[in-house]
Amino acid sequence: MTHLDGKIDELPGSIRNDFPLLSRTIDGERITYLDSASTAPKPTCVIDAVARVYGSYTANVHRGVHLLADEATEAYEGARGEIASFLNASSAEIVFTRNTTEAINLVASGIGLGKEDEVVITALEHHSNFMPWEARAKTVPVALADDGLPLYGEVESYIGPRTRLLALAQISNTAGIIAPVAEWAAAARRHGLPLLVDASQSASHVPIDVKALDCDFLVLSGHKLLGPSGIGVLYGKRERLEGLSLYQTGGGMVRYHGEDRVEMHDVPQRFEAGTPNIEGAIGLGAAVSYLRGLGMENVLAHSLGLGRLLVEGLRSIPGTRIVADSGPLEKRIGLAAFSLPSRGMSQESIARLLCDRYQILVSGGFHCAHILHHRLGLDGTLRVSTHVFNTADDIERVLSALREIADSSR
Ligand SMILES: Cc1ncc(COP(=O)(O)O)c(C=O)c1O
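Calculation criteria
- Residues numbered from 1 in each chain as written.
- Predicted model: local features only at pLDDT ≥ 70, side-chain atom pairs only at ≥ 80, totals over all residues.
- Heavy atoms only, no water.
- Helix = DSSP H or I, 4+ residues; strand = E, 2+ residues; numbered from the N terminus.
- Contact = heavy atoms within 4.5 Å.
- Pairing = 2+ DSSP bridges.
- Axes fitted to C-alpha atoms, helices over the stretch in contact; angles between N-to-C directions.
- Domains from an automatic or database assignment.
- Buried area = accessible area lost by both parts, 1.4 Å probe.
- Salt bridge = Lys/Arg side-chain N within 4 Å of Asp/Glu carboxyl O.
- Polar contact = N/O pair within 3.5 Å; in protein donor to acceptor, adjacent residues only side chain to side chain.
- pLDDT = per-residue confidence, 0-100.
- Near = heavy atom within 4 Å.
- Areas by Shrake-Rupley, 256 points an atom, 1.4 Å probe, with all protein chains shown as cover.
- Nonpolar A, V, L, I, M, F, W, Y, C, P; charged D, E, K, R; others polar.

## What to know about the side chain of Gln-359
Structurally, the position occupied by Gln-359 is in the loop between helix H10 (347-358) and strand E15 (360-361). Sequence-distant contacts of Gln-359, defined by excluding residues within four places in its chain, comprise Ile-26, Asp-27, Glu-29, Arg-30, Ile-31, Thr-32, Leu-354 and Arg-397.

Right, dumping it as structure tokens:
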């Protein structure tokens with residue numbers, strides 16, 4: 001079965017039972033959670049993995065000399081290995097960070113950018129893949145079509161003698177379309193430049209193979225990937241990581257500190273100064289292994305099916321504008337940002353109404369993509385985003401509520 005079929009029944013509906021949060025009620029009604037692009041509910045196996053650290057083997061890693069420290073270190077490094085397999089990388093190429101934002105800052109501060117250097121991105125990147133570059137160099141954003149879809153194919157015309165790096169989201173948190181990363185990787189190779197892929201949205205929806213993508217860096221956040229908050233990942237090709245200057249220094253990353261010299265650990269430990277988020281990393285390892293158990297091809301098929309249903313339904317509501325509506329449906333995951341016609345009501349207020357009247361949780365506002373909204377002349381958008389536990393019923397519920405709201409404001 002090819003993932004392009006976008007079959008919604010690719011994942012069993014019983015998956016919902018794995019997520020205790022989905023039994024939460026508001027005003028006595030069960031919630032419909034459609035806000036996973038912001039942060040995702042956690043399956044019981046992740047909650048249990050974190051609780052086990054606290055209940056059974058709380059200890060510091062890489063420095064303790066007792067049994068619990070051995071167990072904690074083994075579980076922490078085991079999680080690194082699990083994440084490495086998930087991305088088809090090696091453990092030495094996986095650095096734990098706080099989140100995507102910190103991972104991008106680590107690269108931006110480590111590659112030695114100067115004010116006149118240029119970083120090619122797209123104009124709809126999340127602030128976290130915009131501002132860290134902007135703070136140190138010039139950003140050169142690839143233009144957007146009228147509906148906000150980046151003109152990805154034009155990337156090469158933005159590369160110049162001062163370009164130092166290309167960076168793009170594999171799936172933008174507002175467009176919801178799988179970007180042609182391979183095209184950008186090929187352009188990067190032709191110009192001898194590194195490519196950073198922001199996988200904070202895509203890692204929950206598409207199988208990722210960093211070798212096949214041929215990217216130099218890839219970043220993601222645990223909390224969107226069914227894992228805990230406060231844990232993220234920077235993948236880097238080993239030689240790329242070794243070429244980065246240090247982002248922070250302190251305990252845990254130093255092999256020897258004497259008055260005569262300092263000797264750092266090898267990558268990845270060299271970038272993990274201080275006590276890391278041990279339970280976060282272990283929880284993320286459990287989340288990734290849960291997703292691998294479902295099969296990422298199935299996860300993708302499910303997401304594409306929900307994406308199609310969502311966008312076709314939104315198109316049938318007169319006056320609705322969908323970001324990146326021209327993007328091919330076979331590349332649209334279960335995520336869409338759109339503006340609903342409303343008489344004087346802001347998109348944020350509609351999101352609040354969806355919660356208060358219908359118990360449906362979505363995002364409303366600018367989703368850390370101000371430039372996109374500015375270019376499209378949109379004063380905010382609503383965003384519906386799915387994960388593995390969502391069903392066609394959830395999409396029907398939100399569409400029906402949106403139709404009611406749109407009808408009542410005509
Ligand atoms: C595409 C994209 N990049 C980066 C980020 C930043 O992630 P975090 O806040 O977890 O660092 C987000 C978060 O919404 C995102 O959607």
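Having seen it, we continue.
## So, the sheet that holds strand E10 (residues 232-236)
Read across the sheet, 7 strands follow the order E4-E10-E9-E8-E7-E5-E6 without closing on themselves; strand pairing throughout is mixed. Looking at the sheet topology across the chains shown, the edges are occupied by strand E4 (94-97) and strand E6 (138-142). Geometrically, the sheet is characterised by an average inter-axis angle of 20 degrees between neighbouring strands, direction not taken into account. Examined bridge by bridge, E4 and E10 share 4 bridges and lie antiparallel to one another. Looking at the pairing, Ile-94 lines up with Tyr-235 of E10. Most of the contacts of helix H2 (residues 67-87) go to E4, to which it runs at about 115 degrees, and overall it touches E4, strand E9 (217-221) and E10.

## Regarding the domain arrangement of the protein chain
Interface size, as often reported, equals the accessible area lost upon joining of the parts. By domain assignment, the protein chain separates into domain 1 (3-42 + 295-408) and domain 2 (46-293). Taking only C-alpha atoms into account, the centre of domain 1 sits 27 Å from that of domain 2. Counting residues at the interface gives 42 residues for domain 1 and 37 residues for domain 2. Where domain 1 abuts domain 2, roughly 3,300 Å² becomes buried across the two surfaces, and 61% of that area is made up of carbon and sulfur atoms. Taken together, the links from domain 1 to domain 2 amount to 0 salt bridges. Counting across the domain 1 and domain 2 interface gives 24 residue pairs in polar contact (both at pLDDT 80 or more).

## Notes on the sheet that holds strand E14 (residues 335-339)
Here we have 4 strands laid out as an open sheet, ordered E13-E14-E17-E16, and antiparallel in their pairing. A single partner strand is all that each edge strand has here, and the edge strands are strand E13 (321-322) and strand E16 (363-365). As defined by bridge partners, E13 adjoins E14 across 2 bridges and the pair is classed as antiparallel. Across the sheet, residue Ile-322 finds its bridge partner in E14, namely Phe-338. Lying on the sheet, helix H9 (residues 296-315) is in contact with E13, E14 and strand E17 (381-385); it crosses E14 at an angle near 15 degrees. In the packing of H10 onto the sheet, the strands contacted are E14, E16 and E17, and the crossing angle to E16 comes to about 160 degrees.

## Some words on the confidence of the model for the protein chain
Any segment with low pLDDT has predicted coordinates that should not be analysed in fine detail. Scored by pLDDT, the protein chain has a mean of 96; 98% of the residues are at 70 or more. Here residues 1-5 is modelled with pLDDT under 50, and outside its nearest four sequence neighbours on either side it reaches 7 contacts, counting other chains as well.

## Looking at the site of the ligand
All residues adjacent to the ligand are Asn-99, Thr-100, Thr-101, His-126, Ser-128, Asn-173, Asp-198, Ser-200, Gln-201, Ser-221, His-223 and Lys-224. Between the ligand and Thr-100 there is a distance of 3.4 Å, counted from an oxygen atom to a backbone nitrogen or oxygen. Within the side chain of Asp-198, one N or O atom sits 2.5 Å away from a nitrogen atom of the ligand. Computed on the free molecule, the ligand has an accessible area of 390 Å², of which 89% lies beneath the protein chains in the complex. In terms of residue class, the shell around the ligand is made up of no nonpolar, 10 polar and 2 charged.

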